[in-house]
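# Structure assessment
Next come the chains, spelled out residue by residue.
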Amino acid sequence: MFTGIITAIGTIRETRDQGDLRAIIECPYDPAHMAIGASIACSGVCLTVVERGGAAGDAWFAVDISGETISRTAQGQWTAGRKLNLEQALKLGDELGGHIVTGHVDAVGRVASREEIGGSLHVKITAPAEIAPYIATKGSITVDGVSLTVNALDDHADGSCDFHLNLIPHTADVTTLGALREGDAVNLEIDVLARYLQRLQSLRG
């Protein structure tokens with residue numbers, strides 16, 4: 001489990017096709033605190049550490065990414081040079097500063113617009129119809145691994161929706177979200193309570 005509070009930005013140094021895709025990710029973590037088999041959320045995707053090395057502040061870790069994961073996450077995300085929002089798994093007693101995040105991507109959204117307003121960054125993201133009913137104004141959503149609050153919502157006739165976010169300068173600076181541009185694809189995870197509601201409704205149907 002994660003909180004959606006990003007603790008570092010990593011960079012994919014290289015990728016190798018080994019059946020699954022193996023990615024080597026550079027990060028400022030201490031490798032002594034990254035156990036083999038541990039989970040790290042990489043732009044909202046829970047992945048398992050299979051190798052690690054380097055030194056504190058200049059470390060790296062390796063993960064294996066299945067074809068299924070690649071098909072369900074933002075296009076072009078798993079390429080050399082790509083920046084990723086990183087969060088290590090929540091430990092018992094850690095502060096829950098965001099909301100409960102599983103690291104399972106529900107859908108890929110797309111940035112509809114971005115605008116600087118009063119020092120903050122206003123971003124509008126289009127979500128597909130399959131998750132639109134589970135996004136609510138003032139509710140939580142995870143965008144590329146970042147826990148955020150939905151400020152407003154616009155529903156469309158085709159079942160999709162646009163949701164609006166306000167990113168304060170700190171959030172824009174310490175995550176990859178400050179670099180988002182119109183048309184960019186992003187990983188979306190609905191709130192865990194909405195996920196269970198989705199399952200209950202599907203069973204009733």
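Quantities reported herein were computed from a predicted structural model and do not represent experimental measurements.

With that out of the way, let us pick up the sheet that holds strand S5 (residues 58-65). Pairing in this closed barrel of six strands is antiparallel, and the strands run S1-S2-S5-S4-S3-S6 around the ring. The mean inter-strand angle of the sheet, taken between neighbouring strand axes irrespective of direction, is 45°. Note: strand S3 (residues 39-42) against strand S6 (residues 83-88), three bridges, orientation antiparallel. When the bridges of S6 are listed, Cys42 appears paired with Leu86.

For Asn85, the position within the fold is in strand S6. Since its relative accessible area comes to 1%, Asn85 is described here as buried. A polar contact is formed between the side chain of Asn85 and the backbone nitrogen of Thr176, at a distance of 2.8 Å. Here Asn85 is in contact with Ile6, Ala8, Ile9, Ala41, Cys42, Ser43, Asp144, Val146, Thr175, Thr176 and Leu177, once residues within four sequence places are set aside.

A separate point is the pattern of salt bridges. Taken as a whole, this structure holds five salt bridges when the rule is applied. A salt bridge links Glu14 to Arg16; the shortest N-O distance between them is 3.3 Å. A salt bridge links Glu68 to Arg72; the nearest nitrogen and oxygen atoms lie 2.4 Å apart. In this structure Glu68 comes out as partly exposed when scored by relative accessible area, which is 46%.

What follows concerns the nonpolar core. Core analysis: the largest hydrophobic core is formed by 26 residues, its most contacted members being Ile125, Ile135, Val143 and Phe163. Sorting the residues of this core by element identifies strand S7 (107-117), strand S8 (120-127), strand S9 (140-143), strand S10 (146-149), strand S12 (161-167) and strand S13 (185-190) as the ones contributing at least two each. For Ile125, the residues in contact, after removing those within four places along its chain, are Gly109, Arg110, Val111, Ala112, Val143, Cys161, Asp162, Phe163, Leu165 and Val186. Of all hydrophobic cores here, the second largest spans 21 residues; its members include Ile25, Ile65, Leu84 and Val105.

On to the environment of Ile40, then. Within the secondary structure, Ile40 sits in strand S3. The exposure class of Ile40 is buried, given its relative accessible area of 1%. For the pair Ile40 and Leu90, spaced 50 residues apart in sequence, the C-alpha separation works out to 9.6 Å. Beyond its immediate chain neighbours, meaning those up to four positions away, Ile40 contacts Phe2, Met34, Val45, Cys46, Leu47, Val49, Phe61, Leu86, Glu87 and Gln88.

The strand order across the open sheet built from seven strands is S10-S9-S13-S7-S8-S12-S11, with neighbouring strands paired in antiparallel fashion. The open sheet has two free edges, formed respectively by S10 and strand S11 (152-155), since each of these has just one partner strand. Averaged over all pairs of adjacent strands, the angle between strand axes in this sheet comes to 35°, irrespective of strand direction. With seven bridges joining them, S7 and S8 adopt antiparallel strand pairing. Within S8, the residue paired with Glu116 across the bridge is Leu121.

Cut-offs and rules
Residues numbered from 1 in each chain as written. Predicted model: local features only at pLDDT ≥ 70, side-chain atom pairs only at ≥ 80, totals over all residues. Heavy atoms only, no water. Pairing = 2+ DSSP bridges. Helix = DSSP H or I, 4+ residues; strand = E, 2+ residues; numbered from the N terminus. Axes fitted to C-alpha atoms, helices over the stretch in contact; angles between N-to-C directions. Buried < 20%, exposed > 50% of the residue type's maximum accessible area, 1.4 Å probe, protein only. Polar contact = N/O pair within 3.5 Å; in protein donor to acceptor, adjacent residues only side chain to side chain. Contact = heavy atoms within 4.5 Å. Salt bridge = Lys/Arg side-chain N within 4 Å of Asp/Glu carboxyl O. Core = buried A, V, L, I, M, F, W, Y, C linked by side-chain atoms within 4.5 Å.

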